[in-house]
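Each chain, written out:
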Amino acid sequence: MSGTSLDGLDIALIEQEQHTTLLGTHYLPMPDDLRSELLALCSSGPDELARSAIAEQRWARLAAQGVHALLDQHNLTPIDIRAIGSHGQTVRHEPARGFTTQIGNPALLTELTGITVVADFRRRDVAAGGQGAPLVPAFHDALFSDGKSRQAILNVGGFSNLSLLDPQQPVHGFDSGPGNVLLDAWINRHQGTDYDRNGDWAASGQVSTDLLNTLLGDPFFITQGPKSTGRELFNLPWLDQHLSQFPLIAPADVQATLLEMTARSIIGALQSAQQGTQHLLVCGGGAHNLTLMKRLAELLPGCTVSSTDERGVPADWVEAMAFAWLAHCCLEGIPSNRPSVTGAKGLRVLGAIYPA
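In the annotation of an unreviewed UniProt entry, the chain is listed under the name Anhydro-N-acetylmuramic acid kinase and assigned to Pseudomonas turukhanskensis. The heading Sequence similarities (unreviewed entry) in the UniProt record of the chain holds the text "Belongs to the anhydro-N-acetylmuramic acid kinase family." Recorded in UniProt for the chain, the comment headed Function (unreviewed entry) runs: "Catalyzes the specific phosphorylation of 1,6-anhydro-N-acetylmuramic acid (anhMurNAc) with the simultaneous cleavage of the 1,6-anhydro ring, generating MurNAc-6-P. Is required for the utilization of anhMurNAc either imported from the medium or derived from its own cell wall murein, and thus plays a role in cell wall recycling."

See the structure below:
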């Protein structure tokens, strides 16, 4: 899994029988020059087709390197692995215009590893009229549903998405808005670091109510699901446009306001879609942002807010596990989208298979 944060590749080794068991993990940081090129490909530029083809070759070689390293750690060979589920790298996501694009050259990944690759999970759902995202609610349901309590699974990566688990309802879910994407971009601009460790810089600032209300006034936040979003909407130019109305706000106060926007957009969406949530389980990089976790708990009294670690599933690896599970579903012919989540016309088997 390589998400919108573009910090690196998360590679999870799972065993799938009646339940999903995490056997091992490996993380590879994204090389700076590749990260810069993948970010650049998220918007229009010169010679995009050739640049994209070269970038996805590099991405596939990096992924293959990580797969071999993980196998070596566990004394396994390619023949021991049924398949790789490869998310690829999202460079464009515009379901309203009928497309979503993940690059990653699965054919090359198959050649480099000798392992069957399942990839391109999102486009079938979009072809069926869906958003193509989020795809993880079905996995969250399989992994965390207890059949008794109302739960929500919150993934905070570059963007935030919610999976709503109600014993009386089909699983529901949607993107709620930015997660770390603006927080990371803002601290990188002002301090040259990749992320706000523990949310400490945000905690040092004061929330600007005027700026917060302006940001939360974006139509995305009041749109009901199914919905998904990406860098096409929420990016530094979007933030700069709003900041032009408030030129005197200190950078730390902007960071504090961005964190508050993330927290309020999540909780507002959750309360609107599922009243009476008893447990909010958080995964993704945002689970390590102590300031954000504290704020989520404050905004949701009467609900326990915790990392998925407390359920025995490491928060950093849920997304990678999900795409391994999606590969399993594809190979078994099991539909893995949820029309209640994406808005697709019906259940679909997701993914394209590149046999070894």
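Past the structure itself, the notes keep going.
A. Looking closely at the packing of aromatic side chains. Within this structure, the stated rule accounts for six aromatic pairs. Between the aromatic rings of Phe234 and Trp238, the centroid separation amounts to 4.9 Å while the plane-to-plane angle is 80°, which identifies the pairing as edge-to-face. Accessibility assignment for this pair places Phe234 and Trp238 in one class, buried. Grouped by ring-pair contacts, the aromatic residues Phe220, Phe221, Phe234 and Trp238 constitute a single cluster. When the ring centre of Phe220 is taken as reference, the NZ or CZ atom of Lys227 above it lies at 4.3 Å.

B. Fine view of the pairing of strand 10 (residues 279–283). The element strand 10 is largely enclosed, with a buried count of four among its five residues. Pairing geometry for strand 7 (residues 151–156) and strand 10, over five bridges, is parallel. What sits directly across from Ala152, in strand 10, is Leu280.

C. Representation of the sheet that holds strand 6 (residues 117–119) in the model. Read from one edge of the open sheet, three strands run 3-6-12, paired in mixed fashion. With partners counted over all chains shown, the strands left at the sheet margins are strand 3 (84–85) and strand 12 (352–354), one partner each. Pairing analysis gives three bridges linking strand 6 to strand 12, with the strands arranged antiparallel. From the neighbouring strand, Val118 faces strand 12, where its bridge partner is Ile353.

D. Seen up close, the environment of Ala53. With respect to the helices and strands, the residue Ala53 is situated in helix 2 (residues 48–73). Each C-alpha atom, one on Ala53 and one on Asn105, is 8.1 Å from the other, the two residues being 52 residues apart in sequence.

E. How the structure looks around the UniProt feature "binding site: ATP" (unreviewed entry) in the chain. Cross-referencing UniProt, the feature "binding site: ATP" (unreviewed entry) maps to Gly3, Thr4, Ser5, Leu6, Asp7, Gly8, Leu9 and Asp10 in the present numbering. On the secondary structure map, Ser5 appears in the segment before strand 1 (8–16). Excluding anything up to four places from it in sequence, Ser5 contacts Arg35, Gly158 and Arg231.

F. The arrangement of the environment of Ser336 in detail. Mapping Ser336 onto the fold places it in the loop between helix 13 (318–332) and helix 14 (339–342). A relative accessible area of 1% means that Ser336 is categorised as buried. Put simply, Ser336 and Phe139 are 197 residues apart on the chain and 8.2 Å apart in space, counted from C-alpha to C-alpha. With sequence-adjacent residues up to four places away left out, Ser336 is seen in contact with Leu135, Ala138, Trp325, Leu326, Cys329, Arg348 and Leu350.

G. Here's a closer look at the nonpolar core. One finds Leu162, Leu258 and Leu280 to be the most contacted residues of the largest nonpolar core, which totals 73 residues. In this structure, Leu258 is in contact with Leu182, Leu183, Trp186, Leu215 and Leu239, ignoring residues within four places of it in sequence. Core analysis: the second largest hydrophobic core is formed by 27 residues, Leu9, Trp59, Ile84 and Ala119 among them.

H. Broad picture of the packing of helix 2 against helix 3 (residues 106–113). In the contact formed by helix 2 and helix 3, the axes pass within 9 Å of each other and the chain directions differ by 35°. Crossing geometry of helix 2 relative to helix 3 is assigned as right-handed. Here Gln57, Ala60, Arg61, Ala63, Ala64, Val67 and His68 of helix 2 lie close against helix 3, whose contacting residues are Leu108, Leu109, Leu112 and Thr113.

I. Structural context of helix 3. Among the residues of helix 3, Pro106, Leu108, Leu109, Thr110 and Thr113 are the ones counted as buried. Against the buried residues of helix 3 lie helix 2, strand 3, strand 6 and strand 12. A positive backbone phi angle near 75° is found at Gly114, which sits one or two residues after helix 3.

J. Highlighting the side chain of Arg92. Within the fold, Arg92 resides in strand 4 (residues 89–94). Apart from the residues lying within four places of it in its own chain, the contact partners of Arg92 are Leu41, Cys42, Ser43, Ser44, Glu48, Phe99, Thr100, Thr101, Gln102 and Glu232.

K. Region of interest: the sheet that holds strand 10. With respect to topology, five strands assemble into an open sheet ordered 9-8-7-10-11, the strand pairing being mixed. With one partner strand each, in any of the chains shown, strand 9 (172–178) and strand 11 (304–307) form the two edges of the open sheet. Averaged over all pairs of adjacent strands, the angle between strand axes in this sheet comes to 20°, irrespective of strand direction. Packing against the sheet, helix 5 (residues 137–144) makes contact with strand 7, strand 8 (159–165), strand 9 and strand 10, and its axis sits at approximately 50° to strand 8.

L. Structural view of the pattern of salt bridges. Per the counting criterion, the structure on display carries 11 salt bridges. Of the charged contacts in the structure, one is a salt bridge between Arg264 and Glu260, with a shortest N-O distance of 2.6 Å. Residue Arg264 and its partner Glu260 are located together in helix 11 (residues 251–273), separated by four residues, close to a single helical turn. In this structure Glu260 comes out as buried when scored by relative accessible area, which is 5%.

Conventions we followed
Residues numbered from 1 in each chain as written. Predicted model: local features only at pLDDT ≥ 70, side-chain atom pairs only at ≥ 80, totals over all residues. Heavy atoms only, no water. UniProt positions renumbered as here; feature names shortened; annotations may be inferred. Phe/Tyr/Trp six-rings, centres within 6.5 Å; stacked < 30°, edge-to-face > 60°. Buried < 20%, exposed > 50% of the residue type's maximum accessible area, 1.4 Å probe, protein only. Lys NZ or Arg CZ within 6 Å of the ring centre and 35° of its normal. Helix = DSSP H or I, 4+ residues; strand = E, 2+ residues; numbered from the N terminus. Pairing = 2+ DSSP bridges. Contact = heavy atoms within 4.5 Å. Core = buried A, V, L, I, M, F, W, Y, C linked by side-chain atoms within 4.5 Å. Axes fitted to C-alpha atoms, helices over the stretch in contact; angles between N-to-C directions. Left-handed = near helix turned anticlockwise from the far one by under 90°. Salt bridge = Lys/Arg side-chain N within 4 Å of Asp/Glu carboxyl O.

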